[in-house]
Amino acid sequence: MRAHGAPPSPPGWRLRDTVSDLQRRLQACTVAGLTALAALLPSPRSASAQSPESPLLRGGQVRLEMLPEIRIWNERYGGTAEPFDELEPWAADFILPQVDPSFLPPLADIQSSLRDLLADPDLVADLGSTRARMQANRTEIPLGLAVGVFDWLTVGVRVPFVRRRVEVDWALDPTDATLGRSPGIADASVQTWLAELGAVIDHVAALVDERCTTLGAADPACVRGQEAVSTATMLSENLADAWVGLFFVRAGTSAAGRLGSRVDAVADLLRQEGDPAFIDQTWVTPLPFATGPAQVEDLQTLVTDPAYGVTADPVDSQLSLWEMGDVEVSAALRVFERLPARDPSVSDSLARAGGGGVGVLLGVGATYRLGTGQPDLAFDFVDLGSGDGQDDLEAMVFGRLDLGARIRTRFEARYGVQQEGERIARVGPPEQPIRLLATQRTLLWDPGDYLDLMVAPELRIAPELSLGLRYRYYSKGADAWSLPAGAEPDAVLPPLEVLSRETEVTVQHLGIGATLWPSPRSRARDQWPLAVSAEYQLPLGGQGGMVPRDARFRVSARLFVTLW
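Just so you know, the residues in each chain are numbered from 1, in the order the chain's sequence is written. Only residues with pLDDT of at least 70 get local features here, since the model is predicted, and only at 80 or more are side-chain atom pairs given and counted; chain-wide, interface and lining totals rely on the full set of residues. Only hydrogens and water are removed before side-chain values are computed, so all heavy atoms of the structure are retained for them.

### Describing the overall build of the protein
Logical step 1: A helix here means a DSSP run of H or I that spans at least four residues, while a strand means a run of E at least two residues long, and both kinds are numbered starting from the N terminus. Helices and strands together make up the secondary structure of the protein, namely 9 helices and 24 strands.
Logical step 2: What makes two residues a contact is simply this: any of their non-hydrogen atoms within 4.5 Å. Sequence separation of 24 or more characterises 77% of the internal contacts of the protein that already satisfy a separation of 6 or more.
Logical step 3: Taken as a whole, the protein presents about 25,400 Å² of accessible surface, with 58% of it coming from carbon and sulfur. All accessibility values rest on the Shrake-Rupley procedure with a 1.4 Å probe; residue burial counts only the protein chains present in the view.

Structure, rendered in structure tokens:
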């Protein structure tokens, strides 16, 4: 976990996505999708009584599904070391006790010019501290079609559509800042001050030229006078360069005191070499300092204005359009199945729904995930992306254990090998989200492989209704980055290894939900063989540095039709 030491977030900031908002959106998505699906389907025939979430279908059976899910978070799991559930705000990288070049690279040039001006190599160009709150919201609606080719083989495709929203509240507290808004080189007081200093320099230079002509260039008085003129000229040029920038030294700071002392020292040198009365009467305008404290809008200017080298979108709230995610093509094969024996003690309705005794199902599957989604954009520092944008190959082992007609436990184990792909990225450490355009490259990105485990026990309390839990463990290895073949690293580019930091992921979730099944009772009434589930998942723990601590709301709707 990175220690930012930031002040608390500003009061009055509210999360806009309430649970009721999420419920309304899920309900609207579900109703619209089911209406569209129902209009396309023929009259229903018999449907299997197996689990609606089983990857397998009976031969000739078709499943159409819509699986809307909303994830929402404003915290993340911190570092990769213990404790496992160390938390920090999702906006942690924008919460800073000091805004300086380590966070905003464009401040480096301003800091360099001020260090030269004050002859202070340790001066820090500091704009103050920041407070920030961010909340991310990702809505994904996968639409799926699966076909039971044979009783032992099911193939399917799933196309997700994704919409993201990030809400940002970013504030700057300039109380202890070194810098503020520059008056600008065109400011009248700045122009007057420079003109007065220029007149004094011209006056002293004329006197020094006469002295050197009379005494000779090697005379100590000539050398001393030329040095005074050179020092004053350098001060004028350095200050002019500093005033051109967006920020300048604030009055009342220690840096302002050092700058005033340097100006006074130059004035004393000029008085020694010229006419003190003329100098005091000519150079009368006070030294212009910053006209006011910096604002968040000034930080955004450094980010968006191409003149400062970042050239990116502002760090601000955003709502994306609906975009396609990573499309999946899958196949599932039944390896072993033992149907539960009939238990005379079980009611007829439950027996028809699942039988009694013990039943076992074991299968394997594979998924190829196409990189059709849009990864997060290099020029948008709070973008989430609609997908990874590169291909994955996933192997799966799945199964089910039935204990009588009422108790069922499903399990899945998935291992994914993520393929290498090209990605446009800006190179920099994770704690520096704002990066210069000069660090942007097209790189080869090899995401770490992942392991995804799931166990879901459920209790069937009626032929059409079951309640269940779902435990999920997900772990991913570190990403690897490299330059394309033939590309050479350069001095501007930081080491690519910094992009691999905080890319290892471990996270656990626990879900609770209910499922309405297609049952013999509903089919006898000529109703649609529809299975609907609702589930809420809460995070149990995680680590990695950039791992969201997200709550998940999911509603799934599956229609089963037998075509042959």
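Additional details are given in the paragraphs that follow.
### A closer look at the sheet that holds strand E23 (residues 547-548)
Logical step 1: Spatially, E4-E3-E23 is the arrangement adopted by the 3 strands of the open sheet, whose pairing is antiparallel. Each edge of the open sheet carries a strand with a single partner, namely strand E4 (87-89) and E23.
Logical step 2: Summarising the sheet, strand E3 (residues 75-77) and E4 pair through 3 bridges and their orientation is antiparallel. Of the residues in E4, the one forming a bridge with tyrosine 77 is leucine 87. Here, any two strands with at least 2 DSSP bridges between them count as paired.

### Here we look at the packing of aromatic side chains
Logical step 1: Any pair of Phe, Tyr and Trp rings, taking the six-membered ring for Trp, is counted once the centres come within 6.5 Å. Such a pair is stacked with planes under 30 degrees apart, edge-to-face with planes over 60 apart, and tilted for the rest. For the structure on display, the rule yields 11 aromatic pairs.
Logical step 2: The interplanar angle of 75 degrees and the centroid separation of 6.2 Å between the aromatic rings of phenylalanine 103 and tryptophan 170 together place this pair among those described as edge-to-face. Here phenylalanine 103 is found in the loop between E4 and helix H2 (107-118), whereas its partner tryptophan 170 is found in strand E6 (residues 153-173), with 67 residues between them in sequence. Across this residue pair, the class does not change: phenylalanine 103 and tryptophan 170 are buried.
Logical step 3: Seen in terms of ring centroids, tryptophan 193 and tryptophan 243 are 5.7 Å apart; in terms of plane orientation they differ by 75 degrees. Their pairing is edge-to-face. One end of the pair, tryptophan 193, is in helix H3 (residues 188-215); the other, tryptophan 243, is in helix H4 (residues 220-244), with 50 residues separating them in the sequence.
Logical step 4: Pairwise contacts between aromatic rings join Trp193, Trp243, Phe248 and Trp283 into one cluster.
Logical step 5: Here, a charge over a ring means that NZ of Lys or CZ of Arg falls within 6 Å of the ring centre while also lying within 35 degrees of the ring normal. Residue placement shows arginine 423 over the ring face of tryptophan 445; its charged tip is 4.5 Å from the ring centre. Residue burial is assigned from relative accessible area. The probe radius is 1.4 Å, only protein chains are included, and a residue is buried under 20% of its type maximum, exposed over 50%, and partly exposed in between.

### Here we look at H2
Logical step 1: Helices are assigned an expected span. That span is 1.5 Å times one less than the residue count. Compared with the 16 Å implied by 1.5 Å per residue over 12 residues, the 16 Å span of H2 between its first and last C-alpha is a close match.
Logical step 2: Taken as a whole, H2 has its buried residues at Leu107, Ile110, Gln111, Leu114, Leu117 and Leu118. Mapping the buried residues of H2 onto a view down its axis gives an arc of 125 degrees, with all of them on the same face. Opposite the packed face of H2, turned more than 90 degrees from it, sit the exposed residues Asp109 and Asp116.
Logical step 3: On the buried face of H2, the contacting elements are strand E7 (179-181), H4, strand E8 (247-249), helix H5 (254-273) and helix H7 (296-304).
Logical step 4: The first or second residue beyond H2 is alanine 119, which carries a positive phi of 50 degrees. The arc in question is traced by the directions running from the helix axis to the C-beta atoms.

### Comments concerning the pairing of strand E15 (residues 407-418)
Logical step 1: Taken together, the 12 bridges between strand E14 (residues 392-403) and E15 define a ladder with antiparallel strand orientation. By the bridge assignment, leucine 393 is partnered in E15 with valine 417.
Logical step 2: Here E14 hands over to E15 after 3 residues, with glycine 404 in that stretch at a positive phi of 75 degrees.
Logical step 3: Pairing geometry for E15 and strand E18 (residues 450-462), over 10 bridges, is antiparallel. Bridge pairing in E18 places glycine 416 opposite tyrosine 450.

### Focus on the sheet that holds E8
What holds strands together in a sheet is hydrogen bonding between their backbones, with the strands either parallel or antiparallel.
Logical step 1: Ordered in space as E8-E7-E9, the 3 strands form an open sheet in which the pairing is antiparallel. Edge positions in the sheet fall to E8 and strand E9 (292-293), since each has one partner strand and no second.

### Some details on the pattern of salt bridges
Logical step 1: Think of a salt bridge as a Lys or Arg side-chain nitrogen and an Asp or Glu carboxyl oxygen that are within 4 Å of each other. Using the criterion set out here, one finds 37 salt bridges in the structure.
Logical step 2: With its nearest N and O atoms 3.0 Å apart, the salt bridge here joins arginine 554 to glutamate 69. On the criterion of sequence distance, the pair formed by arginine 554 in strand E24 (residues 551-562) and glutamate 69 in strand E2 (residues 69-73) is long-range, its members being 485 residues apart.
Logical step 3: Residues aspartate 93 and arginine 76 are paired through a salt bridge, measuring 3.3 Å at the closest nitrogen-oxygen approach. With aspartate 93 in the loop between E4 and H2 and arginine 76 in strand E3, the pair connects residues that are 17 residues apart, well separated along the chain.

### Examining the packing of H3 against H5
Logical step 1: Axes, fitted as lines to C-alpha atoms, cover a helix only where it is in contact. Angles between the N-to-C directions of the axes lie from 0 to 180 degrees. Contact geometry for H3 and H5: axes closest at 9 Å, N-to-C directions at 35 degrees. Note that H3 runs across H5; the crossing there is left-handed. Of the residues in H5, those in contact with Trp193, Leu197, Val200, Val204, Leu207 and Arg211 of H3 are Val263, Leu270 and Glu273.
Logical step 2: Within the contact of H3 with H5, the residues separate by chemical class into 7 nonpolar, no polar and 2 charged. Should the near helix be turned anticlockwise from the far one by less than a right angle, the crossing is left-handed, and should it be turned clockwise, the crossing is right-handed. Each residue is assigned to one of three groups, with Ala, Val, Leu, Ile, Met, Phe, Trp, Tyr, Cys and Pro labelled nonpolar, Asp, Glu, Lys and Arg labelled charged, and all others, Gly among them, labelled polar.

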